[in-house]
Structure formats: structure tokens, C-alpha cells
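# Per-entry structural report
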Amino acid sequence: MANSKSSPALKDELDIVIPTIRNLDFLEMWRPFFQPYHLIIVQDGDPSKIINVPEGFDYELYNRNDINKILGPKASCISFKDSACRCFGYMVSKKKYIFTIDDDCFVAKDPTGKEINALEQHIKNLLSPSTPFFFNTLYDPYREGADFVRGYPFSLREGAPTAVSHGLWLNIPDYDAPTQLVKPRERNTRYVDAVMTIPKGTLFPMCGMNLAFDRELIGPAMYFGLMGDGQPIGRYDDMWAGWCTKVICDHLGLGIKTGLPYIWHSKASNPFVNLKKEYKGIYWQEELIPFFQSATLSKDANTVQKCYLELSKQVKAKLGKVDDYFNKLADAMVTWIEAWDELNPSTGASTGVPNGTAK
Ligand SMILES: O=c1ccn([C@@H]2O[C@H](COP(=O)(O)OP(=O)(O)O[C@H]3O[C@@H](CO)[C@H](O)[C@H]3O)[C@@H](O)[C@H]2O)c(=O)[nH]1
Ligand SMILES: [Mn+2]
């Protein structure tokens, strides 16, 4: 990892994607850690609003007019008035890695009082292997001061490439609206010093608040769906992406880690507003989870794009009867891949270069 003398790790290989409908004042606190990196700001809401980017940051900013101009009719797959818009940043990036963070997330402190460089920890997580095929009870065996425990097969100790690093949150946890309404004053004060791989075959609720991923390994799966304005659902953007991503990572033999780093989440959006956005998702997910748990991908699906297009067909066939929304979403998944390949012609489906190796 970079030390104070060398340049920051992955300085020219990582973009920081920030969706915002507010302002970017939070960047001041992150300046020591973020300033060396390129930012991709996705401005949601009214495109005529001016979003000020603090001095000294290298960035590109896209509002809805830019998205419509760049994607034309394909812009229909990018959500409006929902944090799901952030996935446009993943598509236009040219870097190997992405870190995405919300504009109400700040630098947290570890139990010793030291400020946490969340980006540095995500980079460590992504650059070291995962262990999806056999659980290591001492958590991340590649961390300093840890290793594989007795009984861990040596044939599996090489691990798998890490596609996603899922960070957590102190203060306001990422609770759904009903939980937030029932426990309005609950704060997460528990700092758990662990990073672990989510086992193959297990889904998880991916939160987009503090998330990093290898764009070349899994980028096309990180579509945050049709949410927000004009849609019957919101705030399930990251969940949808996480379920699709996990099924594809399991198929391609890639790993997903969760745990460190923590950020300090300062603002819970309004739970009553959130309930209106989330409520359909709360009962639909009782059908979505069995769908993803039983989803299978073919041997021919050896790139993320091919996996994703197979998944979109299954969404239409099996979830279209839950609600017509899923027919629209299945079509939007195809549009997303078309747009992705248009903006990133050298990767995946168009060249057939496998992103991962199908197991
Ligand atoms: O219409 C919108 C609303 C918000 N944003 C930007 O997206 C992120 C998250 O927004 P916010 O912090 O208000 O929402 P939370 O409930 O705290 O976030 C959690 O729910 C997920 C929503 O799917 C989100 O990823 C989780 O972290 C901020 O940067 C807002 O500015 C937006 O662009 N458009
Ligand atoms: Mn928030």
C-alpha cells in the first residue's frame, strides 16, 4: 500500500463516483484521502441547479442533460431522482476500479481515535483474494496477523479474485424505513475489526453508501435498476445490483467481501418518505430472493455481459408475472448492457474476452 512518500495506491486506476442531489461540502473532510483521485459526480434532480465542487479536486460532473446527450434513447435505463443514477458514473469511467460514496458519509474514527481512510481499506480488500468456496473462521486470512486456520484445504488457499468490497457505517446504519421508524434513535456504535468473504451461494443486502468494486471484473453487473421518478419503487437500487452481482460472481468464481472500512453516516433520509419509496420492495423481495437463490447461468455465459443478459431473460420470464415493472426492468437491463458496450467497446461481450472463469 502507498506510504506518505509514494503516490496513493491506484491513483490513476480508480474513480470515485458520487451521486448527489444536495451539495459536495462533505468532500472537505475527505480531502486528505480523496484529493489525489479523479471524481465522477452524477448530479441528480434539476440539471439547472449549480453544484459547487470544492477547489482542488479533479472531477467530471454529469447532470441529466449530459446523460440524455451521451446515451440518447438509452438514457431511459438511468434512474432519475434516486441514488440509482450513480451507475451512470460506473459506465462512463475508464478506470479499472470504482469507489462510490454518498454525500452524507463522513470520515469515521476507529476505536483508537484514528481517522479511517476508507478508500485505502477498500483498495486492500480489492487487491487481496477472497475465500468464497470455504469459510475461514479467522475471517480474512490475507490480512496482516491472520492466516488460514487448521483444516482449511491447501488446494483452496490461493483464493478467488475479489470483485466487490462492501464497507459498513457507524452512527446511522442502513436500515429500511420500517426499522428506522420503529428505532429512530438507534445508532451503530459497534466497530467490528473484520473483513470476511460472503460465501458462494449466499445472497446479501448490498448497500451503495460505501462500496468499491473491480469494474473490469464485474462492472456491467452493477446496474442500479429503474428507481425513483416514474417508477413504482425506490431505494432498492443497490439491493437489485447486489443480488445480480452476487449470482454472477458465484457463477464466474469471483469473491465479494464485507466489513471494514467504516464510514460515519450522518443523515438518515426521511423514514416516512423512504417508506413510500420502499414499500413495494419490502413485499416484492419475498419473491425476488427465491428467484435469485434459484437463478442458474449457462456454461456459455463466460463474460459478465452474457451472464447479465441471461439473467434479464429470466427476470422477464419469472418475475414479469409478479408485476409488469419487472418486464420493464428486464428490458432496461438489456439497454444498460447495450449502453455499457457502446461506451466501453473493448471489454466483455463485444470482444468475448471472459471477465472471469465460469466454474
Ligand atoms: O433522489 C435522490 C436521492 C438521493 N441521492 C443521493 O444518493 C445518496 C444517498 O441518498 P441519502 O443519503 O439521502 O439516502 P440514504 O437513505 O441515507 O441512503 C441509503 O439508501 C440508498 C438509496 O438507495 C443509498 O445508497 C443508501 O446509502 C446521496 O449521495 C444523495 O445525494 C440522489 O442522487 N438522488
Ligand atoms: Mn445517507
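No experiment lies behind these values; they were computed from the predicted model shown. (Residues numbered from 1 in each chain as written. Chains lettered and ligands numbered in written order. Predicted model: local features only at pLDDT ≥ 70, side-chain atom pairs only at ≥ 80, totals over all residues. Heavy atoms only, no water.)

Let's shift gears to the overall build of the protein. Helices and strands together make up the secondary structure of the protein, namely 10 helices and 9 strands. Taking 359 residues into account, the globule formula puts the C-alpha radius of gyration at 21 Å, and the protein, at 19 Å, falls close to it. For the protein, the spread of C-alpha atoms along the three principal axes comes to 50 × 50 × 45 Å. For the protein, with 359 residues in total, the buried portion stands at 53%. Taken as a whole, the protein presents about 15600 Å² of accessible surface, with 54% of it coming from carbon and sulfur. (Helix = DSSP H or I, 4+ residues; strand = E, 2+ residues; numbered from the N terminus. Rg over C-alpha atoms; globule rule 2.2 N^0.38 Å. Buried < 20%, exposed > 50% of the residue type's maximum accessible area, 1.4 Å probe, protein only. Areas by Shrake-Rupley, 256 points an atom, 1.4 Å probe, with all protein chains shown as cover.)

To continue, consider the site of ligand 1. Taken together, 22 residues surround ligand 1, and among them Arg 22, Asp 102, Arg 235, Asp 237 and Ser 269 come closest. At a separation of 2.7 Å, a nitrogen atom of ligand 1 approaches a polar side-chain atom of Asp 44. Contacts to ligand 1 include Lys 81, whose backbone N or O atom sits 3.2 Å from an oxygen atom. Going through the elements one at a time, β1 (14-20) and α7 (237-252) are the ones with two or more residues in the shell around ligand 1. When its residues are assigned to classes, the shell around ligand 1 shows 5 nonpolar, 4 polar and 13 charged. (Near = heavy atom within 4 Å. Polar contact = N/O pair within 3.5 Å; in protein donor to acceptor, adjacent residues only side chain to side chain. Nonpolar A, V, L, I, M, F, W, Y, C, P; charged D, E, K, R; others polar.)

With that out of the way, let us pick up the side chain of Asp 102. Inspection of the secondary structure puts Asp 102 in the loop between β4 (97-101) and β5 (105-106). In this structure the side chain of Asp 102 is engaged in a polar contact, spanning 2.6 Å, whose partner is the side chain of Arg 86. Those residues in contact with Asp 102 that lie beyond four places of it in its chain are Pro 19, Phe 26, Arg 86, Gly 208 and Met 209. (Contact = heavy atoms within 4.5 Å.)

Once that is clear, we can look at empty space enclosed by the protein. Tallied over the full model, the rule gives 3 cavities of 30 Å³ or more. Within this model, the largest cavity holds a volume of roughly 70 Å³. Around the largest cavity, the lining residues are Thr 131, Phe 135, Asn 136, Tyr 139, Asp 140, Pro 141, Val 195, Met 196, Thr 197 and Lys 257. Partitioned by chemical class, the residues of the lining of the largest cavity number 5 nonpolar, 3 polar and 2 charged. Counted as a void, the second largest cavity has a volume near 50 Å³. Lining the second largest cavity are Met 227, Ile 233, Tyr 236, Trp 240, Trp 243, Trp 284, Leu 288, Tyr 325, Phe 326 and Leu 329. Classifying every residue of the lining of the second largest cavity by side-chain character gives 10 nonpolar, no polar and no charged. (1 Å grid on protein atoms, 1.4 Å probe; cavity = no way out; pocket = protein on both sides within 12 Å on 5 of 7 lines; lining within 4 Å. Points joined across faces, edges and corners; volume = space filled by probe spheres on them.)

Take the coordination of the manganese ion (ligand 2) next. Protein-derived ligands of the manganese ion (ligand 2) are Asp 104 (OD), Asp 104 (OD) and His 265 (NE2), with the metal-ligand distances lying across 2.0 to 2.7 Å. Of the two residues, Asp 104 sits in the loop between β4 and β5 while His 265 sits in strand β9 (residues 255-265), which places them 161 residues apart along the sequence. Overall, the relative accessible area of 8% leaves Asp 104 in the buried class. (Donors = N, O, S within 2.8 Å, 3.2 Å for Na, K, Ca; no water.)

What follows deals with the nonpolar core. By size, the foremost hydrophobic cluster in this structure holds 69 residues, and its most contacted members are Ile 218, Tyr 223, Trp 240, Ile 248, Tyr 308 and Trp 336. Here the element with the most residues in this core is helix α10 (residues 325-343); it accounts for 11 residues. Here Ile 218 is in contact with Ala 163, Val 164, Phe 213, Thr 245, Ile 248, Cys 249, Leu 254 and Val 304, once residues within four sequence places are set aside. Ranked by size, the runner-up nonpolar core spans 31 residues in total, among them Leu 10, Phe 33, Val 107 and Ile 263. (Core = buried A, V, L, I, M, F, W, Y, C linked by side-chain atoms within 4.5 Å.)

The next thing to look at is the UniProt feature "site: Required for activity" (unreviewed entry) in the protein. Feature annotation in UniProt assigns "site: Required for activity" (unreviewed entry) to the following positions: Arg 150 and Arg 157. Along the chain, Arg 150 turns up in the loop between α4 (118-127) and β6 (162-171). Assessed through its relative accessible area of 83%, Arg 150 is described here as exposed. Mapped onto the elements, Arg 157 comes out in the loop between α4 and β6. At a separation of 2.8 Å, a polar atom in the side chain of Arg 157 contacts the main-chain carbonyl oxygen of Tyr 152. (UniProt positions renumbered as here; feature names shortened; annotations may be inferred.)

Enumeration according to the criterion identifies 21 aromatic pairs in this entry. Ring centres 4.9 Å apart and planes at 80 degrees place the aromatic pair Phe 134 and Tyr 152 in the edge-to-face group. With a gap of 18 residues between them, Phe 134 in the loop between α4 and β6 and Tyr 152 in the loop between α4 and β6 connect regions that are remote in the sequence. Residue Phe 134 is classed as partly exposed on the basis of its relative accessible area of 35%. Judged by its relative accessible area of 3%, Tyr 152 is buried. (Phe/Tyr/Trp six-rings, centres within 6.5 Å; stacked < 30°, edge-to-face > 60°.)

With that settled, the discussion passes to the environment of Ala 160. One can find Ala 160 in the loop between α4 and β6. The exposure class of Ala 160 is buried, given its relative accessible area of 5%. Residues Ala 160 and Phe 204, spaced 44 residues apart in sequence, show a C-alpha to C-alpha distance of 18 Å. Those residues in contact with Ala 160 that sit more than four places away from it in its chain are Pro 129, Ser 130, Pro 132, Phe 133, Gly 253 and Gly 255.

Let us now look at the pairing of β6. Most of β6 sits inside the fold, with 9 of its 10 residues counted as buried. Relative to β9, β6 runs parallel, the two sharing 9 bridges. By the bridge assignment, Leu 168 is partnered in β9 with Tyr 262. The pairing of β6 with strand β8 (residues 210-214) spans 3 bridges and is antiparallel. From the neighbouring strand, His 166 faces β8, where its bridge partner is Leu 211. (Pairing = 2+ DSSP bridges.)

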